[in-house]
Amino acid sequence: MIRGLNPIDCDVHPNVPGLKTLLPFMEPYWADTLVQRGMHELDSISYPNNSPLTARADWRPETGKPATTLEQLQSQLLDPFGIDIAILNCLYGVQLPFSEDMGAAYARAVNDWIVKEWLDRDPRLRASILIPIQSPELAIAEIERLAGDKRFVQIMTLVAGETMLGRRHHWPIYEAAERHGLPIAIHAGSSYRNPSTANGWGSYHIEDYVSQAITFQSQLASLLSEGAFRKFPDLTFVMLESGFTWVPAFLWRFKKYWRGLTMEIPWVDRSPVDIVRERVRFSLTPFDGPQSEADITKIFEHLGSDELVLFSTDYPHWQFDGNDPLPPGLSDDLVRKILVDNPRQTYARLR
Amino acid sequence: MTRHVVATIDEIKPGGRKVVTIDDREIVIFNLNGDYVGILNRCPHQGGKLCDGVVTALITSNEPGQINYARPGEIIRCPWHGWFFDLRSGQSWGEPDRIKTRNYNVAVTGGNELVEGPYQAETIEVTTDQQYLVVET
């Protein structure tokens, strides 16, 4: 039980009930355009509505999408779990439109909806700025528009977009993030410009979801190799719904080959393991680890730091049952770090 | 400290290398444009013979995309997994304090000095009119 420990939930997903909800938050041209085009929804297939993953059974309403109202969030998560602060990471598909301008219009509308319907109505809430990463220029405009509101504690993008996240055309976004003291969160999901596996499209939802962890590894390799950590020394990256039990094996592999290939990427002039431990954080759920306490302890030993993992419920996604979202066997010290200290250390705006 | 006479200076041309054996240990001597250096012929990773590696330069960077290319010929890559070692210090690239191969001082000494010893020269015949490479172990 985490009640009473003032947990900070770093990955909470309010859902836009439907496109109509956003129309009042859109400029007249875009509101009219969406009606004229007959668009009625902008959800991706990352979280199909009827998939068990998309909502825990007891959090699923009789009709419609889960987690669409503040009252649901309060009664299902904030109050029963005693959440001190929850960071809202809306997964509405602002990265899906091929039109950069439409993506930006959606991002503005969702961000403003989050402010009015959520942040303004419960002081426990914080949020990520959604950006139309299709266009770095428009993404930065959205960051600049909202960074003054300290309730936005980070910037969020999906793990799979049009290009690798380490590449330099994304760097102006990172520059803006660093300047405002906002971490870059990378959440599971895709704009589906590319297949969800490196070898093409799978047939089933399970392939898509499991493959996300591999995509996170590719993006982490990209950020390391392209030198993003070197270029932006004060920027933190937060991987959300990425899983983290793959991290030690990934780092063993990356470091091993880095030793022989440093010549390609001399800007990575110290151990990539140390870079990741200092600059990257991972949300707790989904915990893909073993079940025994001894094995779970080993996983954290292999991570080599107790500062990497941030508490998350992934509400309303179905990642755990009952009222204890923590894996068993964690020391009191580690629990406090995951629930409180690590999130506060990661998010300058929560200190 | 023991001094071992291992070669005449003419045996290793600039850019060249030679493997010598001292007390059952293989040491590779390099001629870096007139400076002679020695490293253990064994990669600390899995024991690859460094004498078979290719040399490159010290490649560093101040920021992504920017390259400094210095000291060409002074960094060797293990032929097995490509790890990099500084021939002058034995230190690896990236983790210089944690991973290194042993390095040896190689002095150029006149035969006339060597005749007076003490030194070991099991395989080399020393004459007073030659210059020799002397490894300290």
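Use the structure listed above.
Attention in this report is confined to the structure presented alongside it. In this numbering scheme, every chain counts its residues from 1 along its sequence in written order. The naming scheme follows written order: chains are lettered A onward, ligands numbered 1 onward. Residue-level local features of this predicted model are given only where pLDDT is at least 70; pairs of side-chain atoms are given and counted only at 80 or more, and the full residue set underlies all totals for whole chains, interfaces and linings.

## Points about the overall build of chain B
Now for step 1: Segments assigned H or I by DSSP are reported as helices when at least four residues long, segments assigned E as strands when at least two residues long, and all are numbered from the N terminus. Scanning chain B from N- to C-terminus turns up 1 helix and 9 strands.
Now for step 2: Structurally, chain B occupies a C-alpha span of about 55 × 30 × 25 Å along its principal axes.
Now for step 3: Exposure classification rests on a simple neighbour count of other C-beta atoms within 10 Å of a residue's own: a residue reaching 20 or more is buried, one at 12 or fewer is exposed, and one in between is partly exposed. C-beta atoms are placed from the backbone. Relative to its full complement of 137 residues, chain B shows a buried share of 29%.
Now for step 4: Here the contacts in chain B between residues at least 6 apart in sequence split such that 48% fall between residues at least 24 apart. Whether two residues are in contact depends on their C-beta atoms, placed from the backbone: they are in contact if these lie within 7 Å.

## A closer look at the overall build of chain A
Now for step 1: The helix and strand inventory of chain A stands at 12 helices and 8 strands.
Now for step 2: A globule of 351 residues ought to have a C-alpha radius of gyration of about 20 Å, and chain A, at 19 Å, matches this closely.
Now for step 3: If you line up chain A on its principal axes, its C-alpha atoms span 55 × 45 × 45 Å.
Now for step 4: Here chain A holds 351 residues, and 44% of them are scored as buried.
Now for step 5: Across chain A, every contact between residues at least 6 apart in sequence was considered, and the portion connecting residues at least 24 apart equals 82%. Put simply, the radius of gyration uses C-alpha atoms, and a globule should come to 2.2 Å times the residue count raised to 0.38.

## Some points on helix H6 (residues 171-180) of chain A
Residues and elements named next belong to chain A.
Now for step 1: Buried within H6 are the following residues: Ile 173, Tyr 174, Ala 176 and Ala 177. Seen from one end, H6 has its buried residues packed into an arc of 160 degrees, which puts them on one side.
Now for step 2: Just downstream of H6, Gly 181 is the residue with a positive phi angle, here 70 degrees. It is the directions from the helix axis to the C-beta atoms that the arc portrays.

## Quick notes on unusual backbone geometry
Now for step 1: Residues Thr285(A) and Pro286(A) are joined by a peptide bond in cis, for which omega reads -5 degrees.
Now for step 2: Inspection of the secondary structure assignment puts Pro286(A) in the loop between strand S7 (280-283) and helix H11 (293-303).
Now for step 3: Backbone geometry at Asp23(B) places phi at a positive 50 degrees, although glycine is not the residue there.
Now for step 4: Along the chain, the position of Asp23(B) falls in the loop between strand S2 (17-22) and strand S3 (25-32).
Now for step 5: Overall, Asp23(B) belongs to the exposed group, with 9 C-beta atoms counted inside 10 Å.
Now for step 6: Although it is not a glycine, Arg71(B) adopts a positive phi angle of roughly 50 degrees.
Now for step 7: The topology assignment puts Arg71(B) in strand S6 (residues 68-77).

## Regarding the interface of chain B and chain A
Now for step 1: With 14 residues of chain B in contact, the opposing surface of chain A contributes 15 residues.
Now for step 2: With 3 residues, strand S5 (residues 55-60) of chain B is the largest single contributor of residues to the side of chain B that touches chain A.
Now for step 3: Each residue is assigned to one of three groups, with Ala, Val, Leu, Ile, Met, Phe, Trp, Tyr, Cys and Pro labelled nonpolar, Asp, Glu, Lys and Arg labelled charged, and all others, Gly among them, labelled polar. For the side of chain B that touches chain A, the residue count by class is 6 nonpolar, 6 polar and 2 charged.

## Looking at the packing of helix H4 (residues 100-117) of chain A against helix H5 (residues 136-146) of chain A
Residue and element names in this part refer to chain A.
Now for step 1: For every element, the axis is a line fit to its C-alpha atoms; helices are fit only across the contacting stretch, and the angle between N-to-C directions ranges from 0 to 180 degrees. It is at 10 Å that the axes of H4 and H5 come closest, and there the two elements cross at 20 degrees. By the angle class used here, H4 and H5 are roughly parallel. H4 and H5 meet at a crossing whose hand is right-handed. Between H4, through Glu 100, Ala 104, Ala 107, Arg 108 and Asn 111, and H5, the contact on the second element is made entirely by Leu 138, Glu 142 and Leu 146.
Now for step 2: For the contact of H4 with H5, the residue count by class is 4 nonpolar, 1 polar and 3 charged. To sort the angles, those under 35 degrees are grouped as roughly parallel, those over 145 as roughly antiparallel, those from 65 to 115 as roughly perpendicular, and the leftovers as oblique. For any helix crossing, the convention is left-handed if the near helix is rotated counterclockwise from the far helix by under a right angle, and right-handed if that rotation is clockwise.

## Let's talk about the nonpolar core
Now for step 1: Put simply, a nonpolar core is buried Ala, Val, Leu, Ile, Met, Phe, Trp, Tyr and Cys residues tied into one set by C-beta atoms within 7 Å. If you look at the biggest cluster of nonpolar residues, it comprises 91 residues, and the most contacted ones within it are Leu88(A), Val110(A), Ile131(A) and Ile155(A).
Now for step 2: No other element matches H4(A), which puts 9 residues into this core.
Now for step 3: With near-sequence residues (within four places) excluded, Leu88(A) lies in contact with Val12(A), Pro14(A), Ile114(A), Trp118(A), Leu125(A), Arg126(A), Ala127(A) and Ser128(A).
Now for step 4: In this structure, Val5(B), Ile39(B), Ile76(B) and Leu87(B) belong to the second largest nonpolar core, which totals 28 residues.

## What to know about the packing of H5(A) against H6(A)
All names here are of chain A.
Now for step 1: Running from amino to carboxyl end, H5 crosses H6 at an angle of 15 degrees, the nearest separation of the two axes being 9 Å. With respect to H6, the element H5 is oriented roughly parallel. Two packed elements cross with a definite hand, and for H5 against H6 that hand is right-handed. Along the contact surface, H5 presents Pro 136, Ala 139, Ile 140, Ile 143 and Glu 144, while H6 presents Pro 172, Ile 173, Ala 176, Ala 177 and His 180.
Now for step 2: Of the residues assigned to the contact of H5 with H6, the class counts are 8 nonpolar, 1 polar and 1 charged.

## Describing the sheet that holds strand S4 (residues 35-40) of chain B
Backbone hydrogen bonds are what pair the strands of a sheet, in a parallel or an antiparallel way.
All names here are of chain B.
Now for step 1: The 6 strands are arranged S1-S9-S8-S4-S3-S2 in an open sheet whose pairing can be described as antiparallel. Only two strands of the sheet have a single partner each, and these edge strands are strand S1 (3-8) and S2. For this sheet the average axis-to-axis angle between neighbouring strands, irrespective of direction, equals 35 degrees.
Now for step 2: By this definition, two strands are paired if DSSP reports at least two bridges between them. Note: S4 against strand S8 (residues 103-110), 3 bridges, orientation antiparallel.

## Quick notes on the sheet that holds strand S7 (residues 84-86) of chain B
Residues and elements named next belong to chain B.
Now for step 1: Spatial strand order, S5-S6-S7: 3 strands in an open sheet with antiparallel pairing. Because the sheet does not close on itself, it has two edges, and the strands there are S5 and S7. Strand after strand, the sheet turns through a mean of 60 degrees between neighbouring axes, direction not considered.
Now for step 2: By the bridge criterion, 5 bridges tie S5 to S6 in an arrangement that is antiparallel. Counted as the bridge partner of Leu 58 is Ala 70 from S6.

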